[in-house]
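# Observations on chain architecture
Residue strings, one per chain:
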Amino acid sequence: MIEKILELIEQVYPKYLVLIVLIPVFLGYIIDFDVSDKYGIFSNLLWIPIATIPYYLTKKKIFYQLTVVFYFIIGFLEITHWLLLKGPLSVASLLAISNTNFNEASEFLGIQSISLMLFLIPYTILFYLSLIDIPKNYKPKYIFFLGGLTLFIIGMFSFSSSTSKFLVKGTPQFARVSYSFVYDFRKYNMAVENNKLKEVEVELVSNFKEQLFVLIIGESASRNHMSLYNYRKETNPKLKKRNDVIVFDNVVSPYSNTIETVMSMITESNLENKLPFHKSKDLIDVFHSAGFKTYWISNQPPLGWAENLISSIGAKADKSKFVNILNNSSYESDLKSSLDEKLFEPFSNALNDKASKKFIILHLMGSHLLYNKRYPEKFNVFKGEIEKHQMIAEYDNSILYNDFVIDSLFNMIKLNSIKYTKQITSAIYLSDHGENVYDELDLLGHHVIETFPKSNVEIPFLVWLSSSFKISASVKVNIIEANIHKPFVSDDLFHSILDLNNIESPLLEEQRSLFHDNFNDKRLRVLSDGINYDKK
Ligand SMILES: [Zn+2]
């Protein structure tokens, strides 16, 4: 009996093939267990019997060898990827690699080549052994039995949790990479193709020799959960201590989702002109035409239905960097952690770049669901007794961490402005939209029901100006400070930013700039739900 079972196991799981499949998984566990595929052993073992069915059915060795070759190629790529990038192969990382310039890549490879060889040579020997050690052709009934069992397990798994959860847990990483590569990558490329850099008629009216503007786009941050805006819990200990941020307290977002809010903020499109986003001129077009070097540094995943359009703008920047590279889809990125502090290093590099005029956009992961994936343990300060309170506590922890992130970014900008005294520097932080964390109607998230709960759109909006800015444009500073309570919708951010940076253009409508003395504070704030926000 035992002999039979062993025989069956040997037939279904040939030892060399199993090693080829599992070595990359174990390597991942050793290098970084947190970001590796926890279900990797399970999902791979599940699929091996299925992959060998063609061989047992046809009794042709070539089918077994093809399976071996298939797994070897994937394993080879995964090992290389783990050793070089310390993370799993993902569509997002493939995109990041393709964006890296060749010199950087080859330098990097040079440093790492010894550790690569140490792993890849034995791995290749294993491949050879696997090709010649072909399992004897037993009766295929075992395989049918096992294939059936596998399908049964898959079925059980699908029933016990949602289908998409099964897709994450029950399929090997490479299968998810391939799927996204075929579907999402094509859509991403289409978005990039449709959104080429446009020349814009602009004139830089100031004659500053050095100029820097930083736009920090947050995610799902509700000002109602920030102590800077009088929230009862202390979620902004750092920002509250600063005396150099100008706090605008009456800003709302036009929409209640990431794509539309971000696109309306960074393009000329707004709720009234309703220009299609991909045909609108955007901030990268404007700053590029004005002679700025442009940067897009993002901790949002680059690929996916929710990201492609925004990423296509990022791809137009002179330098674009995506640091959130563990994911194959929008769904996966919601489940996995990629802390915003990963932006510090590339941001610091951009600040130190020698270009005299620079425009940097930072796109945060902020307080995106799942909230408890958005902060490290150190920021796990607030706790809740019941599930609902725990959710609120986790959201508040993410805001507390965001306080640290924004404060650190402002510090970096400030230090940079002290180092480069001639540089005229300004920065804006705002969130894309708000978040309803059981604040109204007992709802969670930022979904659109018939009309928005107010908390879906009430966002923080902060401005930071360097001393050099304040000295050289004191009149402007007075206007900015006088407007902090004015009602504003962030779809007019485009005009405000042109104005703040002294960029004159036929595109600029002064009455839409929050920083202009002609600012129209009588605009009716009828948001995308068709309701006047101020009458709610
Ligand atoms: Zn969002």
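These notes cover the structure that comes with them. (Residues numbered from 1 in each chain as written. Predicted model: local features only at pLDDT ≥ 70, side-chain atom pairs only at ≥ 80, totals over all residues. Heavy atoms only, no water.)

Attention now goes to the overall build of the chain. Within the chain one finds 19 helices and 13 strands. The C-alpha radius of gyration computed for the chain amounts to 27 Å, which stays within 12% of the reference 24 Å derived for 536 residues, consistent with globular compactness. Overall, the C-alpha framework of the chain stretches about 90 × 55 × 40 Å when taken along its three principal axes. Looking at the chain as a whole, 54% of its 536 residues qualify as buried. (Helix = DSSP H or I, 4+ residues; strand = E, 2+ residues; numbered from the N terminus. Rg over C-alpha atoms; globule rule 2.2 N^0.38 Å. Buried < 20%, exposed > 50% of the residue type's maximum accessible area, 1.4 Å probe, protein only.)

Moving on, we come to the nonpolar core. In this structure, Leu-215, Ile-266, Ile-428 and Phe-461 are the most contacted members of the largest nonpolar core, which totals 57 residues. Looking at which element gives the most residues to this core, the answer is helix α19 (residues 493–500), with five residues. Aside from chain neighbours lying at most four places away, what touches Ile-266 is Leu-215, Ile-217, Lys-281, Asp-282, Leu-283, Trp-296, Ile-313, Ile-361 and Phe-494. Listed in part, the 43 residues of the second largest apolar core include Leu-212, Val-323, Leu-364 and Phe-382. (Core = buried A, V, L, I, M, F, W, Y, C linked by side-chain atoms within 4.5 Å. Contact = heavy atoms within 4.5 Å.)

Mapping Asn-236 onto the fold places it in the loop between β2 (210–218) and α10 (237–241). Among all residues touching Asn-236, those that are not within four sequence positions of it are Met-226, Ser-227, Leu-228 and Asp-403.

This brings us to the coordination of the zinc ion. The protein atoms that coordinate the zinc ion are Glu-219 (OE), Glu-219 (OE), Thr-258 (OG1), Asp-432 (OD) and His-433 (NE2), at distances of 2.0 to 2.7 Å. All donor residues of the zinc ion come from one chain, and their arrangement in sequence is E-x38-T-x173-D-H. One end of the pair, Glu-219, is in the loop between β2 and α10; the other, Asp-432, is in the loop between β8 (423–431) and β9 (436–437), with 213 residues separating them in the sequence. An identical accessibility class is assigned to Glu-219 and Asp-432; each is buried. (Donors = N, O, S within 2.8 Å, 3.2 Å for Na, K, Ca; no water.)

Let us now look at unusual backbone geometry. Both trends apply: most residues other than glycine have a negative phi, and most peptide bonds are in trans. In this structure, Leu-370 follows Leu-369 across a cis peptide bond, with omega equal to -5°. With respect to the helices and strands, Leu-370 occurs in the loop between β7 (357–363) and α16 (387–419). Despite not being glycine, Lys-274 has its phi angle at roughly 50°, a positive value. By secondary structure assignment, the location of Lys-274 is in the loop between α11 (258–266) and α12 (283–289). Looking at Lys-274, the relative accessible area reads 66%, which means it is exposed.

Examined against the element boundaries, Leu-95 turns out to sit in helix α5 (residues 91–99). Sequence separation of Leu-95 and Phe-185 is 90 residues, and the distance between their C-alpha atoms is 8.7 Å. The contact partners of Leu-95, leaving out residues within four places of it in the chain, are Phe-185, Tyr-188, Pro-302 and Leu-303.

Turning our eyes to something else, we now look at the sheet that holds β8. Within the open sheet, the seven strands sit side by side as β3-β11-β8-β2-β7-β5-β6. Their pairing is mixed. Each edge of the open sheet is held by one strand with a lone partner, namely β3 (245–248) and β6 (319–322). Each strand axis lies, on average, 10° off the axis of its neighbour in the sheet, ignoring direction. Helix-sheet contacts for α16 involve β2, β3, β7, β8 and β11 (461–465), and the interaxial angle to β8 is about 170°. (Pairing = 2+ DSSP bridges. Axes fitted to C-alpha atoms, helices over the stretch in contact; angles between N-to-C directions.)

Right, let's get into the environment of Leu-527. Mapped onto the fold, Leu-527 is located in the segment after β13 (503–504). A C-alpha to C-alpha distance of 9.4 Å links Leu-527 and Thr-451, two positions 76 residues apart in sequence. Non-local contacts of Leu-527, meaning those with residues more than four positions away in its chain, are made with Val-252, Ser-253, Pro-254, Leu-271, Phe-452, Val-457, Val-489 and Tyr-533.

Another point: the pairing of β8. Moving residue by residue along a regular strand, the side chains alternate between the two faces of the sheet. Within β8, nine of the nine residues are buried, leaving the element largely enclosed by the surrounding structure. The alternating pattern of β8 places Gln-423, Thr-425, Ala-427, Tyr-429 and Ser-431 on one face and Ile-424, Ser-426, Ile-428 and Leu-430 on the opposite face, and all of these are buried. Bridge count for β2 against β8 is nine bridges, and the pairing is parallel. Bridge pairing links Glu-210 to Gln-423 in β8. By the bridge criterion, five bridges tie β8 to β11 in an arrangement that is antiparallel. Residue pairing across strands places Leu-430 opposite Phe-461, the latter belonging to β11.

In this section: the pattern of salt bridges. If you walk through the whole model with that rule in mind, you get 22 salt bridges. Between Lys-388 and Asp-442 there is a salt bridge whose closest N-O contact spans 2.7 Å. Linking Lys-388 in helix α16 with Asp-442 in the loop between β9 and β10 (444–445), this pair joins segments that are 54 residues apart in sequence. Judged by relative accessible area, Lys-388 falls into the partly exposed class, the value being 32%. Residues Arg-525 and Asp-534 are paired through a salt bridge, measuring 2.9 Å at the closest nitrogen-oxygen approach. Residues joined in a network through salt bridges with shared partners are Glu-272, Asp-491, Asp-492, Glu-509, Arg-512 and Arg-523. (Salt bridge = Lys/Arg side-chain N within 4 Å of Asp/Glu carboxyl O.)

Bringing helix α2 (residues 15–32) into the picture now. With 18 residues, α2 should cover 26 Å at 1.5 Å per step; its first-to-last C-alpha distance of 25 Å lies within 8% of that length. Taken as a whole, α2 carries its principal kink of about 35° at Leu-22; the proline Pro-24 stands between one and four residues after it. Turning to α2, its buried residues number three or more, namely Leu-17, Val-18, Ile-20, Val-21, Leu-22, Pro-24, Val-25, Leu-27, Gly-28 and Tyr-29. (Expected span 1.5 Å × (residues − 1). Bend = angle between axes of the 7 residues up to and from the residue.)

Now for the packing of aromatic side chains. A full pass over the atoms with the stated rule returns 25 aromatic pairs. With a centroid separation of 6.0 Å and 85° between ring planes, the pair formed by Tyr-71 and Phe-174 is classed as edge-to-face. Placement of Tyr-71 in helix α4 (residues 61–85) and of Phe-174 in helix α9 (residues 173–193) is noted, with a sequence separation of 103 residues between them. For the ring pair Phe-72 and Phe-127, a centre distance of 3.9 Å and an interplane angle of 15° mean the geometry is stacked. Of this pair, Phe-72 sits in helix α4 while Phe-127 sits in helix α6 (residues 102–132), and the two are 55 residues apart along the sequence. Phe-127 matches Phe-72 in its accessibility class, with the two residues each being buried. In this structure, Lys-38 packs its charged tip against the face of Phe-33, placed 5.1 Å from the ring centre. When the ring centre of Tyr-438 is taken as reference, the NZ or CZ atom of Lys-388 above it lies at 5.3 Å. (Phe/Tyr/Trp six-rings, centres within 6.5 Å; stacked < 30°, edge-to-face > 60°. Lys NZ or Arg CZ within 6 Å of the ring centre and 35° of its normal.)

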